[in-house]
Amino acid sequence: MFKALEKINERPKPFQTYTASDLWTDEHTSKQMLSFHLDEAIDVSSRNAEFINRSVEWIASEFNIGRDFKIADFGCGPGLYAARLAKHGATVTGIDFSGRSIEYAKEVATRDRLNISYVNQNYLEFETEDRFDLVLMIMCDFCALSPTQRKGILSKFHKILKPSGSALLDVYSLSAFEQREEATTYEVNQLNGFWSTNKYYGFLNTFKYDEEKVILDKYTIIESERTRTVYNWLQYFAPEELEREFIDAGFFVKGFYSDVAGTPYDQKSSEFAVIANTSGPLGRQDR
Ligand SMILES: C[S@@+](CC[C@H](N)C(=O)[O-])C[C@H]1O[C@@H](n2cnc3c(N)ncnc32)[C@H](O)[C@@H]1O
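To keep things clear, this report deals only with the structure shown in the data block.

Rules and cut-offs
- Residues numbered from 1 in each chain as written.
- Predicted model: local features only at pLDDT ≥ 70, side-chain atom pairs only at ≥ 80, totals over all residues.
- Heavy atoms only, no water.
- Helix = DSSP H or I, 4+ residues; strand = E, 2+ residues; numbered from the N terminus.
- Rg over C-alpha atoms; globule rule 2.2 N^0.38 Å.
- Buried < 20%, exposed > 50% of the residue type's maximum accessible area, 1.4 Å probe, protein only.
- Contact = heavy atoms within 4.5 Å.
- Lys, Arg positive; Asp, Glu negative; His and termini not counted.
- Charge placed at Lys NZ, Arg CZ, Asp CG, Glu CD.
- Salt bridge = Lys/Arg side-chain N within 4 Å of Asp/Glu carboxyl O.
- Near = heavy atom within 4 Å.
- Polar contact = N/O pair within 3.5 Å; in protein donor to acceptor, adjacent residues only side chain to side chain.
- Areas by Shrake-Rupley, 256 points an atom, 1.4 Å probe, with all protein chains shown as cover.
- Nonpolar A, V, L, I, M, F, W, Y, C, P; charged D, E, K, R; others polar.
- Core = buried A, V, L, I, M, F, W, Y, C linked by side-chain atoms within 4.5 Å.
- Patch = residues over 30% accessible without salt bridge, like charges linked within 9 Å, V, L, I, M, F, W, Y side chains within 5 Å.
- Pairing = 2+ DSSP bridges.

1. Observations regarding the overall build of the protein chain
- Along the backbone of the protein chain there are 10 helices and 11 strands.
- Relative to the compact-globule value of 19 Å for 287 residues, the protein chain shows a C-alpha radius of gyration of 19 Å, a close match.
- Seen along its three principal axes, the alpha-carbon backbone of the protein chain occupies a region of about 65 × 45 × 35 Å.
- A burial count over the protein chain gives 53% of its 287 residues as buried.
- Across the protein chain, contacts joining residues at least 24 apart in sequence account for 65% of those joining residues at least 6 apart.
- When the 33 positive and 43 negative side-chain charges of the protein chain are each reduced to one mean point, those points stand 3 Å apart.

2. Observations regarding the side chain of Thr29
- Looking at the element boundaries, Thr29 is found in helix H3 (residues 27-38).
- Among the residues examined, Thr29 registers a relative accessible area of 0% and is labelled buried.
- If sequence neighbours within four positions are ignored, Thr29 has contacts with Asp22, Leu23, Phe194 and Trp195.

3. Focus on the pattern of salt bridges
- Overall, the coordinates contain 18 salt bridges when judged by the stated rule.
- Arg47 is the salt-bridge partner of Glu271, the closest N and O atoms lying 2.7 Å from each other. Here Glu271, found in strand S11 (residues 271-277), pairs with Arg47, found in the loop between H3 and helix H4 (49-62); they are 224 residues apart in sequence, far enough to count as distant. Of the two residues, Glu271 and Arg47, both sit in the buried class.
- Note that Glu223 is salt-bridged to Arg228, the shortest N-O span being 3.2 Å. Take Glu223 and Arg228: they sit in the same class, and that class is buried.
- Overlapping salt bridges, with partners in common, bring together Arg47, Asp170 and Glu271 in one network.

4. Side note on unusual backbone geometry
- Although it is not a glycine, Met139 sits at a positive phi angle of roughly 85°.
- Relative to the assigned elements, Met139 resides in the loop between strand S4 (132-137) and helix H7 (147-160).
- The backbone of Cys140 sits at a positive phi, close to 65°, despite the residue not being glycine.
- Counting through the fold element by element, Cys140 comes out in the loop between S4 and H7.

5. So, the site of the ligand
- Neighbouring the ligand are 18 residues, the closest being Ser46, Gly75, Asp96, Asn122 and Tyr123.
- With respect to the ligand, the backbone of Tyr123 contributes an N or O atom lying 2.8 Å from a nitrogen atom.
- Within the side chain of Asp141, one N or O atom sits 3.1 Å away from an oxygen atom of the ligand.
- Computed on the free molecule, the ligand has an accessible area of 590 Å², of which 97% lies beneath the protein chains in the complex.
- Partitioned by chemical class, the residues of the shell around the ligand number eight nonpolar, eight polar and two charged.

6. Brief notes about the nonpolar core
- By size, the foremost hydrophobic cluster in this structure holds 34 residues, and its most contacted members are Ile59, Ile65, Ile71, Leu85 and Leu168.
- Every residue in contact with Ile65, bar those within four places of it in the chain, is listed here: Ile59, Ala60, Ile71, Leu85, His88 and Ala90.
- Counting 28 residues, the second largest nonpolar core, distinct from the first, contains Phe74, Leu145, Phe237 and Ala249.

7. Overview of the side chain of Ser173
- Residue placement: Ser173 occurs in strand S5 (residues 161-173).
- In this structure the side chain of Ser173 is engaged in a polar contact, spanning 2.7 Å, whose partner is the backbone oxygen of Ser269.
- Apart from residues no more than four positions distant in its own chain, Ser173 is found in contact with Tyr236, Phe237, Ser269, Ser270, Glu271 and Phe272.

8. Quick notes on a nonpolar patch on the surface
- A surface patch of nonpolar side chains, about 290 Å² in accessible area, is lined by Tyr186, Val188 and Tyr201.
- Mapped onto the secondary structure, Tyr186 falls in strand S6 (residues 183-188).

9. Some thoughts on helix H5 (residues 80-87)
- Counting buried positions along H5 gives six out of eight residues, so the element sits mostly inside the fold.
- Within H5, burial applies to Leu80, Tyr81, Ala82, Ala83, Leu85 and Ala86.
- Of the surrounding elements, those touching the buried residues of H5 are H3, H4, strand S1 (70-74), strand S2 (91-96), strand S3 (116-120) and S4.

10. Some words on the pairing of S11
- Burial of S11 is extensive: seven of the seven residues sit out of reach of the surface.
- Every second residue of S11 is oriented toward a common face, with Glu271, Ala273, Ile275 and Asn277 on one face and Phe272, Val274 and Ala276 on the other, all of them buried.
- With seven bridges connecting them, S5 and S11 associate as antiparallel partners. Counted as the bridge partner of Asp170 is Ala273 from S11.
- Looking at chain direction, strand S10 (residues 252-257) and S11 are connected through five bridges and run antiparallel. Looking at S11, one finds that Tyr257 is bridged to Ala273.

Structural measurements only, silent on function.
Next comes the structure, spelled out in C-alpha cells:
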C-alpha cells in the first residue's frame with residue numbers, strides 16, 4: 001500500500017510519458033468527450049457554439065477563404081470548425097485519432113454534402129502529398145505536446161503548407177500558469193464516473209514545473225481489475241517562446257491575438273493565438 005501510494009505521488013520528468021490517446025480514444029471516456037464537444041453552451045473539449053461561429057467568421061475573412069482554399073485541421077474532433085469552414089467554400093482535411101469523433105464528423109459531412117476528408121489517425125504520424133493554404137490546431141492542443149513533438153509537428157506543418165501558407169493555433173499563457181497550483185485530491189468515482197462505468201478510486205496529482213512552465217495533471221484510476229495512469233501535460237507559453245519555436249521551424253510570425261477569433265492580444269488573457277506564415281513579407285528568402 002505504501003509503495004503504491006509512493007508511485008501515485010511520484011513526480012515524473014516533464015513530458016516523460018504521452019498518454020493522450022487514453023483520454024480521447026478510450027471507449028468510455030471518448031463518449032463523454034464527444035458529448036462535451038457537442039454541448040454548445042460549454043467550453044469543454046470544444047469551445048461554445050457562439051465562439052466557434054465568431055472564430056470561423058474571423059478565420060474566413062482573415063485568410064480570405066473561398067473556393068480552392070485548402071485547410072488541414074489537426075485535432076479536428078467532431079468537425080465543428082471543419083464543417084463551418086467547408087460551408088465557406090474551403091476544402092478541408094480533418095485529422096483526429098478519436099474514431100468516435102471522426103465517425104460523427106463524417107456523418108455531418110455526408111448529410112450536408114461538405115467537401116471534407118476526415119482521417120482517423122494520430123496527427124503526429126499523419127503524412128500527405130497534399131499542400132494546404134492553412135493549417136489549424138485549435139483549443140490549445142499544441143500545449144499537450146512535448147518540445148520534441150512540437151518541433152516535429154511544426155516542421156510537418158511547414159512541409160505540408162504551400163509557399164504562401166499559414167498556421168493558426170492557440171496556446172495557454174504565462175498568466176494562466178501563474179493561476180495554477182500544485183494539489184493532490186482523491187475521490188471515489190472521481191469526476192462523477194468520467195473514467196469508468198465500474199466503481200473506481202481516482203487520484204489527481206497536479207505538479208507544477210516552474211522552470212519549464214509546464215503543468216501535469218496526473219490521474220491514477222484504480223478499478224478492481226486494472227489501474228491506469230493518464231498524464232495530461234500542458235506547456236504554458238510567453239509569446240517570445242512560441243515565436244522562437246516557429247522561427248526554428250522556418251516560419252515568420254505575423255501576429256498574436258488573444259484567441260482564434262481575432263481578439264486583440266492582451267498579455268493578461270489566459271490563452272493567446274498566433275498566425276505564422278511560411279514566407280515573410282518579401283517571400284521565403286527574406287530570413
Ligand atoms: C481539445 S480537443 C479540440 C477539438 C477541436 N479542435 C475543437 O476545438 O473543437 C482536441 C482534439 O484533438 C484530438 N487529438 C489529441 N491528440 C491527438 C493526436 N496525437 N492525434 C490526433 N488527434 C489528437 C482529440 O481527439 C480531440 O478531438
